[in-house]
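As a plain string of letters, each chain reads:
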Number of protein chains: 4
Amino acid sequence: MSDLKDSDWEWSGFREKCRRIIFLSNRPAEKLFDVLLIVAILMSIMVVMLDSVEPLRLRYGTLFNWFEWILTVLFTLEYMVRLYLARSAFRYARSFFGVVDLLSILPTYLDLFIPGAHYLMSLRVLRVLRIFRVLKMMQFVGEANQLAQAVRASARKIAIFVFAVVTLVCILGSMMYLIEGPENGYTSIPKSVYWAIVTLTTVGYGDISPQTTLGQLFASIIMVTGYGIIAVPTGIVTAEMTRVSRVVERELSCGSCGKDGHGNDARYCRSCGTELPDRNASFAENAEGD
Amino acid sequence: MSDLKDSDWEWSGFREKCRRIIFLSNRPAEKLFDVLLIVAILMSIMVVMLDSVEPLRLRYGTLFNWFEWILTVLFTLEYMVRLYLARSAFRYARSFFGVVDLLSILPTYLDLFIPGAHYLMSLRVLRVLRIFRVLKMMQFVGEANQLAQAVRASARKIAIFVFAVVTLVCILGSMMYLIEGPENGYTSIPKSVYWAIVTLTTVGYGDISPQTTLGQLFASIIMVTGYGIIAVPTGIVTAEMTRVSRVVERELSCGSCGKDGHGNDARYCRSCGTELPDRNASFAENAEGD
Amino acid sequence: MSDLKDSDWEWSGFREKCRRIIFLSNRPAEKLFDVLLIVAILMSIMVVMLDSVEPLRLRYGTLFNWFEWILTVLFTLEYMVRLYLARSAFRYARSFFGVVDLLSILPTYLDLFIPGAHYLMSLRVLRVLRIFRVLKMMQFVGEANQLAQAVRASARKIAIFVFAVVTLVCILGSMMYLIEGPENGYTSIPKSVYWAIVTLTTVGYGDISPQTTLGQLFASIIMVTGYGIIAVPTGIVTAEMTRVSRVVERELSCGSCGKDGHGNDARYCRSCGTELPDRNASFAENAEGD
Amino acid sequence: MSDLKDSDWEWSGFREKCRRIIFLSNRPAEKLFDVLLIVAILMSIMVVMLDSVEPLRLRYGTLFNWFEWILTVLFTLEYMVRLYLARSAFRYARSFFGVVDLLSILPTYLDLFIPGAHYLMSLRVLRVLRIFRVLKMMQFVGEANQLAQAVRASARKIAIFVFAVVTLVCILGSMMYLIEGPENGYTSIPKSVYWAIVTLTTVGYGDISPQTTLGQLFASIIMVTGYGIIAVPTGIVTAEMTRVSRVVERELSCGSCGKDGHGNDARYCRSCGTELPDRNASFAENAEGD
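Worth saying up front: this structure is predicted, and the values here are computed from it rather than measured.

Enquirer: What is the right way to read the overall build of chain A from this model?
Expert: For chain A, the count of helices and strands is 13 helices and zero strands. Within chain A, the fraction of its 290 residues that count as buried is 48%. Considering only contacts within chain A whose residues lie at least 6 apart along the sequence, 53% involve residues at least 24 apart. Entry remark: accessible area of chain A is about 14,500 Å², with carbon and sulfur atoms responsible for 64%.

Enquirer: Sorry if this is basic, but what is going on with the relation of the copies chain A and chain D here?
Expert: The two chain copies are related to each other by a rotation about an axis together with a translation along it. At an RMSD of 0.0 Å, chain A and chain D line up after a rotation of 90 degrees and a shift of 0.0 Å along the axis. One copy is carried onto the other by what is essentially a four-fold rotation axis. Taken together, the interface assignments show that only 16% of the residues at the interface of chain A recur at the interface of chain D, consistent with different surfaces on the two copies.

Enquirer: I would appreciate a short explanation of the interface of chain D and chain C in the present structure.
Expert: A common measure of how large an interface is: the accessible area buried when the components associate. Listed per partner, the contact involves 51 residues of chain D and 45 residues of chain C. When the two sides are added together, the surface that chain D and chain C hide from each other amounts to roughly 4,400 Å², 71% of it contributed by carbon and sulfur. Linking chain D to chain C there are zero salt bridges. Applying the counting rule to chain D against chain C returns four residue pairs in polar contact (both at pLDDT 80 or more). Counting residues per element, the side of chain D that touches chain C draws most heavily on helix α12 (residues 231-251) of chain D, which supplies nine residues.

Enquirer: Please explain the pattern of salt bridges as it appears in this structure.
Expert: Close approach of charged atoms lets side chains of opposite charge pair. In this structure the tally under the stated criterion is 24 salt bridges over all chains. Between D:R82 and D:E78 there is a salt bridge, with the nearest N and O atoms lying 2.7 Å from each other. Placement of both D:R82 and D:E78 in helix α3 (residues 54-85) is noted, with a separation of four residues, approximately one turn of the helix. Across the pair, exposure class does not vary: D:R82 and D:E78 are buried alike. Via salt bridges that share partners, A:E78, A:R82, A:D101 and A:R130 belong to a single interconnected network.

Enquirer: Would you take a moment to explain the side chain of A:S174 for this structure?
Expert: Turning to its location among the elements, A:S174 is positioned in helix α9 (residues 155-180). Residues contacting A:S174, with those up to four places away along its chain left out, are A:I189, B:S122 and B:V125.

Enquirer: Whenever I open this one, the environment of D:S174 confuses me. Can you help?
Expert: What makes D:S174 buried here is its relative accessible area of 2%. For D:S174 and D:V193, which are 19 residues apart along the polypeptide, the C-alpha to C-alpha distance reads 6.8 Å. Residues in contact with D:S174, not counting those within four places in the same chain, are A:S122, A:V125 and D:I189.

Enquirer: Just checking my understanding: could you explain the confidence of the model for chain A for this structure?
Expert: Interpretation of the predicted coordinates at a detailed level should be avoided for regions scoring low in pLDDT. Residue and element names in this part refer to chain A. Overall, the predicted model of chain A reaches an average pLDDT of 77, with 74% of residues at or above 70. Ranking the helices and strands of chain A by mean pLDDT puts helix α10 (residues 189-200) first, with 92, and helix α13 (residues 281-288) last, with 35. Taken as a whole, residues 1-10 scores under 50 in pLDDT and shows seven contacts with residues more than four places along the chain or in a different chain. Low pLDDT, under 50, characterises residues 279-290; the stretch is placed with 14 contacts to residues that sit more than four places away or in other chains.

Enquirer: What's the story with the relation of the copies chain D and chain C in this structure? I'm lost.
Expert: With an RMSD of 0.1 Å, the fit of chain D onto chain C corresponds to turning through 90 degrees and sliding 0.0 Å along the axis. Different-surface contact between copies: only 16% of interface residues of chain D are shared with the interface of chain C.

Enquirer: Can you walk me through the interface of chain A and chain D in this structure?
Expert: Tallying the contact residues gives 51 residues for chain A and 45 residues for chain D. Summed over both sides, the interface between chain A and chain D buries roughly 4,400 Å², with carbon and sulfur atoms accounting for 71% of that surface. Seen at the junction of chain A and chain D, the total is zero salt bridges. Run the count over chain A and chain D and you get four residue pairs in polar contact (both at pLDDT 80 or more). Every element with two or more residues in the side of chain A that touches chain D is listed here: α2 (28-51), α7 (130-136), α8 (141-153), α9, α10, α11 (213-229) and α12 (231-251) of chain A.

Enquirer: Honestly, the packing of helix α10 (residues 189-200) of chain D against helix α11 (residues 213-229) of chain D in this entry has me stumped. Any pointers?
Expert: Each pair of packed helices gets described by two things: the angle between the helix axes and the distance between those axes. All names here are of chain D. Orientation of α10 relative to α11, taken along the N-to-C sense of each, is 50 degrees, at an axis distance of 9 Å. Considering their axes alone, α10 and α11 lie oblique with respect to each other. Across the interface between the two elements, W195, T199 and L200 from α10 touch A219, I222, M223 and G226 from α11. Here the contact of α10 with α11 is built from residues that sort into five nonpolar, two polar and no charged.

Enquirer: I would appreciate a short explanation of helix α3 (residues 54-85) of chain B in the present structure.
Expert: Residues and elements named next belong to chain B. End to end, α3 covers just 41 Å across 32 residues, shorter than the expected 46 Å (1.5 Å per residue, more than 12% under). The largest bend along α3 reaches roughly 80 degrees and is located at Y60. Restricting attention to buried positions, one finds in α3 the residues F64, E68, L71, T72, F75, T76, E78, Y79, V81, R82 and L85.

Enquirer: Help me understand the packing of aromatic side chains, please; the structure alone is not making it clear to me.
Expert: In this description, an aromatic ring pair is defined by two values, namely the gap between the centres and the angle between the planes. One pass over the structure, following the stated rule, counts 20 aromatic pairs over all chains. Seen in terms of ring centroids, A:F96 and A:F97 are 5.3 Å apart; in terms of plane orientation they differ by 65 degrees. Their pairing is edge-to-face. In this structure A:F96 comes out as exposed when scored by relative accessible area, which is 53%. Residue A:F97 is classed as buried on the basis of its relative accessible area of 15%. Consider the rings of D:Y60 and D:F64, whose centres lie 6.3 Å apart with planes at 55 degrees: the pair is tilted. Of the two residues, D:Y60 and D:F64 both sit in helix α3, four residues apart, roughly one turn of that helix.

Enquirer: I'm lost on a nonpolar patch on the surface in this one. Help?
Expert: Residue and element names in this part refer to chain A. Residues L102, L106, L110, L112, F113, I114 and L120 make up a contiguous nonpolar surface patch of about 620 Å² in total accessible area. Of all the elements, helix α6 (residues 106-113) adds the most residues to the nonpolar patch, at four residues. As for its placement among the helices and strands, F113 is situated in helix α6.

Enquirer: Would you take a moment to explain unusual backbone geometry for this structure?
Expert: Apart from glycine, the bulk of residues carry a negative phi angle, and the bulk of peptide bonds sit in the trans form. Positive phi, close to 60 degrees, is recorded for A:T202, a residue that is not glycine. Note on placement: A:T202 falls in the loop between α10 and α11.

Enquirer: Can you help me understand the environment of B:Y205 in this one?
Expert: Looking at the secondary structure, you find B:Y205 in the loop between α10 (189-200) and α11 (213-229). Each C-alpha atom, one on B:Y205 and one on B:P107, is 33 Å from the other, the two residues being 98 residues apart in sequence. The contacts of B:Y205, once residues within four sequence positions are left out, are A:W195, A:T199, A:G204, A:Y205, A:G206, A:I208, A:S209, A:P210, A:M223, B:Y194, B:V198 and C:Y205. Among the polar contacts made by the side chain of B:Y205, one reaches the side chain of A:W195 at a distance of 3.1 Å. Among the polar contacts listed, one links the side chain of B:Y205 to the side chain of A:T199, at a separation of 2.5 Å.

Enquirer: Explain helix α5 (residues 96-103) of chain D to me, please; I cannot follow it from the model alone.
Expert: Every α-helical turn comprises 3.6 residues, leaving residues that sit three or four positions apart pointing alike. Looking only at α5(D), the buried set comprises D:F97, D:G98, D:V100 and D:D101. Burial along α5(D) is one-sided: seen end-on, the buried residues are contained in an arc of 165 degrees.

So, how was this worked out
Residues numbered from 1 in each chain as written. Chains lettered and ligands numbered in written order. Predicted model: local features only at pLDDT ≥ 70, side-chain atom pairs only at ≥ 80, totals over all residues. Heavy atoms only, no water. Helix = DSSP H or I, 4+ residues; strand = E, 2+ residues; numbered from the N terminus. Buried < 20%, exposed > 50% of the residue type's maximum accessible area, 1.4 Å probe, protein only. Contact = heavy atoms within 4.5 Å. Areas by Shrake-Rupley, 256 points an atom, 1.4 Å probe, with all protein chains shown as cover. Least-squares fit on C-alpha atoms with pLDDT ≥ 70 in both. Buried area = accessible area lost by both parts, 1.4 Å probe. Salt bridge = Lys/Arg side-chain N within 4 Å of Asp/Glu carboxyl O. Polar contact = N/O pair within 3.5 Å; in protein donor to acceptor, adjacent residues only side chain to side chain. pLDDT = per-residue confidence, 0-100. Axes fitted to C-alpha atoms, helices over the stretch in contact; angles between N-to-C directions. Parallel < 35°, antiparallel > 145°, perpendicular 65-115°, else oblique. Nonpolar A, V, L, I, M, F, W, Y, C, P; charged D, E, K, R; others polar. Expected span 1.5 Å × (residues − 1). Bend = angle between axes of the 7 residues up to and from the residue. Phe/Tyr/Trp six-rings, centres within 6.5 Å; stacked < 30°, edge-to-face > 60°. Patch = residues over 30% accessible without salt bridge, like charges linked within 9 Å, V, L, I, M, F, W, Y side chains within 5 Å. Arc of directions from axis to C-beta.

Next up, the structure:
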């Protein structure tokens, strides 16, 4: 890749080809690059994770170090190539994936110069986000888009819901602090609020739990309430998804007889048998762009 | 604000302006007041919470005290202004937010006169409810109304469901008291009922858990049952939300061609392209009133 | 009530009136009886629960005993009156509520003759089921019926789902027994299966939890799977409820213009303004029968 | 069964009859065989489970052993008969149920020759899967198919969701490792990721839980997020099930008047009263094949 600059003839053609390989995923060569990239990312995450396990680090530390450096150099090269090939290097550097790319190589270099930065090494796990870029170019994008759209459409309602829950746990936590008091583990209001969250979300660690009868009665009420409350975000998202699926169905009408209401996977009109337009066609086109 | 009474000329105009500032949220000045109020409320809640953390109180206790008093005085002034500006001072004092406003300043004064009332200080956390008043005047009211409406429409069904769950945990708890007995932590029926609630709602603290084989078998049945039961409130709320979203869609028909079934975010008729009436218009108007 | 037999004149009329009071809930006298009954039941359950709390029994044991006997005698009288008034005493005695009525008075008498039967006393908590009889006659029956219908319609699917879950936890539990072994708390396959249920239902007591890395990896997979699985019963019940709500909407068509699709709470046709037939009318009639 | 080969006359008729008995479940004799098989499977699973309980093995070990061998011999015979009767022995041996059949008898024989294989004995619990074969031939297949279809249709979306969750827990786990560190139980990134999964899925064992204030704040955010996230798979499956139920309703139109939109359990057209075609007819036919 270092001889990229030497290829003066047929410049734009070659550069365009590289850009295709890196940014798209249709032809075999482009897919191969993606698969290799995913394998490299997964391996590097594995190394980061295993390196944090004390006994493994003591035994295979040097090996992990070697692996890490090889992968970091490769990722650095990839980052530079992307910077070079992008239509606007600055826009790429500021984009979400540009920042992720940088964050996933920086800690290794920082560790070299600043010894205290060792803990930052676990930031390298952000590399896992880079897999999404590859997926973005693949088939999954259609479904993911639908999901994201339903979540986005419900975002406002969910925000209100989360705010209501936060208010509720503040009040419940403070009341529990009054009821149980510091001698039963509810040492402060923030800790009681933490307990209320643990309880309302039905996580229930049990590191703090009500000891007095009144506290247990109060906790019971919170739990039964939480049982009902959990229905709300589910209701929001489900109603939205049902609506989208309904709209999609209705909008796909047969070009020949005009009948709509075909199933999501229908390929022929159920009334006159004419082939229906392909629902995923538009997605494929969108996925081409970066 | 203390010179409010001196402004004799143009009285109703000035008073009306103040009322607008405090009760509405459309013009910049009105919005600024709301933002300042929210900041003050959040700060005061922060102080209440941090003040309950032992090490922080020992170190910054005096600072917290100062902050608390400044904010309490401000809130007291605000309460008095609201009382004065409200169309009916008595109706305001009895309203939900009137009581919350009073409850959020009372504990500080009580603490001054009655030393034993210190624990009541955590009641000040109720100030968090005051944020809702501000939100009520803002954009979020539409979505919150829809949510509240769906919950209210399902309230009866949820009440029956909660009652059935309470009955169930009473019976299950008593049976578990019979099976496990006091020697395994199930010291009384209320405690066993508490355990049954903790289990059925899938919170699972683990402070009490079945020890005998029969108890574990019985608990397993409860858990699998609870798994199915959790579906019921979700089903209730979701069905209601889906219905509301369906009704909204159907009721919004194009004024030109009469076609209905437009998406929730549609702005133009999907059949003839005429602009659709704004769905949120009525909300905006409602939000104006207090 | 003991002088029931003396009233020879106007016999059927008086008996009919008693039957109305006990079995129905429309007129004030009938409602009063229901309310008194619910109060008595709730009090007796309270006594049963508090009696099981050691410190309270030691202090108020005699009081609880008195209360218990007074209520038991009242319930016995009520049982006998019901037996006497029922159209078929035998059918009543065999019916669900007849058995519950008997079970809620028997333990107290058994305790008198068989000292060892003291533990059976907690069976008296079954009295809570008697409240449903009263509710059955009241307004709530409509909503409860809809809920019960949706659950019944999905019963088969839920049964299959529960069977699939039981199969899954058997296999997962056995595998975990292989992976973790008795030294980490997974002392036998039934115990491992119990753990798998606790995990899959997201209860998570924490009395047994994976200790080895492989075990934690395996548990992670189970948990993420359980996350997806919990969606299935919810989906079943919700789809059924949405369907019922859709059918109800469609079936209620305006008698004047034939338009259907009115909201569940609509009282007038949204097209021509004619009053719609009352949806709850049929329920009220059904509730009359016992 | 060993004299199967001797019956030369009417060969195909007899063999066909056996095949019917083993592979179908319509006539009494065929049903009897299925019931006996289920009883044998359930008994053998019971033996496997009880055999793993230390005190029971010490006391009834020999009895369990006898039972195990009798059942294994029976299952071996059944396996051989199936191999013999199947249209293609090789295809059966490679099929899902063929492998399960083999796996459920192999461990017992292996244990005989290789003493160290004792732990593999718990693989016998896979016998529980064999019950599905019997169910497959029975009535439940319709509902199970609908469930499976809804799950399969949402599989892609759920896969994306699971992948997003895995990414999320990797990042959250690593951050928690940074925040809490090894001294609070978060000894390595994989362990922190395990904790993040336990928390996000609301299982919450409590074997590891945040100790620092910052950690508890971060955990609170994770929990509230997880609360919203749990809505997504539920939304996916529910929307799919609602859609299927809608399509089924629409597709079943009356042969006489063409009206559609009948309830799922409707047997007569709600408009003209003509009998509707049986929805489950096609299932019954499919269930015949193996």
